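For reference, the chains in residue letters:
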Amino acid sequence: MSVDTILSFEEAMEKYDPVLGFEVHVELNTKSKMFSSAPNVFGDEPNTNVNEVCLGLPGVLPVLNKKAVESSILIGLALNCKIAEHCTFARKQYFYPDTPKNFQTSQYEDPICYDGWIDIELADGTVFRVEIERAHMEEDAGKLTHMGGSTGRIQGADFSLVDYNRSGVPLVEIVTKPIEGAGSRAPELAKAYVAAIREIVKNLGVSDARMERGNVRCDANVSLRPYGQEKFGTRTETKNVNSLRAVENAVKFEIQRHGAVLDSGVKIIQETRHWHEDTKSTTSGRPKSDADDYRYFPEPDLVPIVTTALWVEQLRSRLPEPPAARRKRLQADWGYTDMEFRDVVNAGLMDEIEETVTAGASAAAARKWWMGEIARRAKLADVDPAALGVSPAVVVEIEKLIASGAINDKLARQVLDGVLDGEGTPAEVVEKRGLAVVSDDGALQSAIDEALAAQPDVADKIRGGKVQAVGAIVGGVMKVTRGQADPGRVRELILATLGVEG
């Protein structure tokens with residue numbers, strides 16, 4: 001796979017003004033699918049959560065999921081949208097193996113939510129207002145797995161497998177208006193915007209919002225124009241980007257690629273693009289279809305949706321606290337400094353830390369683990385910390401083991417390694433690896449005697465009053481015990497052995 005020629009980001013920004021647009025697809029966590037009673041469950045065996053409606057069999061009729069409609073309205077309200085008093089569904093025609101009906105039931109002319117906005121705060125406190133064009137309801141497609149080849153994509157594959165479990169899962173697609181004026185902060189804004197949408201739908205309780213599972217996916221549109229030009233440039237759409245870092249990197253790469261293409265005098269092709277995490281680059285997908293190409297027409301098997309002011313206000317009363325108010329409350333509750341809390345927000349770990357504190361850890365411990373060891377390991381694995389595979393419950397259990405004296409901080413890092421290697425719960429890893437702190441004074445005394453014998457000059461210094469030299473002996477004991485001793489207790493025993501008061 002070749003990577004396109006690109007400009008440096010700085011050079012691209014010197015010459016061109018980026019215009020962004022985002023289409024974020026949010027899978028709703030209803031118990032059943034959008035238009036059928038088939039279960040909406042992630043991770044089951046392929047093609048087990050299906051029925052005749054999902055499979056598009058002849059003669060079937062859709063039945064609208066009321067819960068999905070309510071969830072859609074809640075999202076619209078949280079995005080300051082107007083709620084349509086009357087809206088309809090439409091058939092979006094296209095032919096692909098993951099869409100057995102050969103059309104997707106969506107909304108076209110009459111979205112249920114429209115004309116909204118959301119304020120996005122960047123790392124330094126700068127606020128961008130992103131205007132929302134619409135948030136409409138639709139159904140998800142099935143999932144294709146391309147077998148053979150080296151990329152996992154259809155190009156070069158020997159054959160493809162299709163799983164219709166996802167077919168018909170309720171979706172809300174949130175579409176922004178063109179976003180101008182971001183300049184060099186466009187990649188940062190892209191990441192922050194998707195993070196804000198994820199935070200909103202998770203707090204609303206309408207989606208599990210796990211990007212690694214595809215619950216939240218972003219199609220990122222990018223175009224460039226020379227500074228001073230009013231007309232937008234030709235856009236490309238990078239499809240189905242499913243991590244915050246990938247959204248940021250995809251936007252940055254497309255800005256650099258567009259800049260190089262425009263500099264060469266070649267026109268940008270309006271097309272979809274695929275993001276490749278391994279090369280941090282995009283490749284060409286297919287020419288981008290316009291609305292006319294889908295031959296939308298009204299869905300004849302579904303009646304219009306009519307909302308009432310009373311219904312909408314009842315749903316509005318269920319809205320949780322706004323994200324800005326929530327952040328202010330959490331910072332106060334946790335006692336973080338402005339810088340500490342900003343780092344947590346920028347890392348996208350506020351939810352994980354909140355869940356960890358709720359599960360029983362202190363705010364300081366939760367931050368230590370998520371922003372420290374977990375973030376470090378995630379960086380090495382080139383994934384987001386939330387996708388590493390460590391749950392808040394694991395962090396809490398490790399902290400309890402430390403508090404009980406069963407392990408120390410150094411051993412705790414080895415316990416985390418064991419959990420990530422699939423060796424079980426923290427307690428099971430401690431037992432399997434023999435990581436428990438040595439608490440037997442007899443065993444500690446034996447190690448202390450060995451360390452003192454190996455460093456008689458240090459022992460003499462301690463007897464002579466240089467108590468700070470005890471650290472060298474403690475280090476020797478920790479080495480002998482493979483870090484499985486309590487340094488405080490070891491220090492006490494060393495001083496007692498040498499007849500020195502500490």
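Predicted model, so just to flag it, every value in this text is computed and none were measured. (Residues numbered from 1 in each chain as written. Predicted model: local features only at pLDDT ≥ 70, side-chain atom pairs only at ≥ 80, totals over all residues. Heavy atoms only, no water.)

Chemist: Just give me the short version of the overall build of the chain, but keep the residues and values in it.
Modeler: When its secondary structure is counted, the chain shows 16 helices and 16 strands. The C-alpha extent of the chain, read off along each of the three principal axes, is 90 × 55 × 50 Å. Taking all 502 residues of the chain together, 48% fall into the buried category. When the accessible surface of the chain is summed, it comes to about 24000 Å², and 51% of that surface belongs to carbon and sulfur atoms. (Helix = DSSP H or I, 4+ residues; strand = E, 2+ residues; numbered from the N terminus. Buried < 20%, exposed > 50% of the residue type's maximum accessible area, 1.4 Å probe, protein only. Areas by Shrake-Rupley, 256 points an atom, 1.4 Å probe, with all protein chains shown as cover.)

Chemist: Describe the domain arrangement of the chain, with residues and values.
Modeler: A common way to report how large an interface is uses the accessible area buried once the components associate. Here the chain is partitioned into domain 1 (9–39 + 59–139 + 170–298), domain 2 (323–433) and domain 3 (441–498). If you average the C-alpha positions of domain 2 and of domain 3, the two centres end up 32 Å apart. (Domains from an automatic or database assignment.)

Chemist: Which residues make up the packing of helix 8 (residues 350–358) against helix 10 (residues 392–403), and what values go with them?
Modeler: Running from N to C, helix 8 and helix 10 point in directions that differ by 50 degrees, and their axes come no closer than 8 Å. The orientation of helix 8 relative to helix 10 falls into the category oblique. Relative to helix 10, the crossing made by helix 8 is right-handed. Here E352, E355 and T356 of helix 8 come into contact with helix 10, specifically with P392, V395 and V396. Taken together, the residues that form the contact of helix 8 with helix 10 break down as three nonpolar, one polar and two charged. (Axes fitted to C-alpha atoms, helices over the stretch in contact; angles between N-to-C directions. Parallel < 35°, antiparallel > 145°, perpendicular 65-115°, else oblique. Left-handed = near helix turned anticlockwise from the far one by under 90°. Contact = heavy atoms within 4.5 Å. Nonpolar A, V, L, I, M, F, W, Y, C, P; charged D, E, K, R; others polar.)

Chemist: Can you break down the pattern of salt bridges residue by residue, with the values?
Modeler: Between side chains of opposite charge, pairing is possible as soon as their charged atoms come close. Evaluated as defined, the whole model comprises 43 salt bridges. Residue K280 pairs with D382 through a salt bridge whose shortest N-O separation is 2.9 Å. Here the residue K280 occupies a position in the loop between strand 13 (271–276) and strand 14 (281–287), and D382 occupies one in the loop between helix 9 (363–381) and helix 10, the gap between them amounting to 102 residues. For D382, a relative accessible area of 32% translates into the label partly exposed. (Salt bridge = Lys/Arg side-chain N within 4 Å of Asp/Glu carboxyl O.)

Chemist: Talk me through the packing of helix 3 (residues 186–204) against helix 4 (residues 244–263); I want residue IDs and the actual numbers.
Modeler: Across the interface, helix 3 lies against helix 4 with an axial gap of 8 Å and an inter-helix angle of 150 degrees. With respect to their mutual orientation, helix 3 and helix 4 come out roughly antiparallel. In terms of crossing hand, the pair formed by helix 3 and helix 4 is right-handed. On helix 4, the residues touching A186, P187, E188, A190, K191, V194, A195 and R198 of helix 3 are L244, V247, E248, V251, K252 and I255. In terms of residue class, the contact of helix 3 with helix 4 is made up of nine nonpolar, no polar and five charged.

Chemist: Residues and numbers for empty space enclosed by the protein, please.
Modeler: On inspection of all chains with the given rule, the structure shows one cavity of 30 Å³ or more. Volume-wise, the largest cavity comes out at about 90 Å³. Around the largest cavity sit 14 residues that line it, and T99, K101, E139, D140 and S167 are the ones nearest its centre. Class assignment for the residues of the lining of the largest cavity results in six nonpolar, four polar and four charged. (1 Å grid on protein atoms, 1.4 Å probe; cavity = no way out; pocket = protein on both sides within 12 Å on 5 of 7 lines; lining within 4 Å. Points joined across faces, edges and corners; volume = space filled by probe spheres on them.)

Chemist: Help me get a handle on the side chain of R326, residues and values and all.
Modeler: Considering the arrangement of structural elements, one finds R326 in helix 6 (residues 323–334). Polar contacts involving the side chain of R326 include one to the side chain of E199, which spans 3.0 Å. When residues no more than four places from it in sequence are discounted, the contact partners of R326 are E199, N203, E321, M350, D351 and E354. (Polar contact = N/O pair within 3.5 Å; in protein donor to acceptor, adjacent residues only side chain to side chain.)

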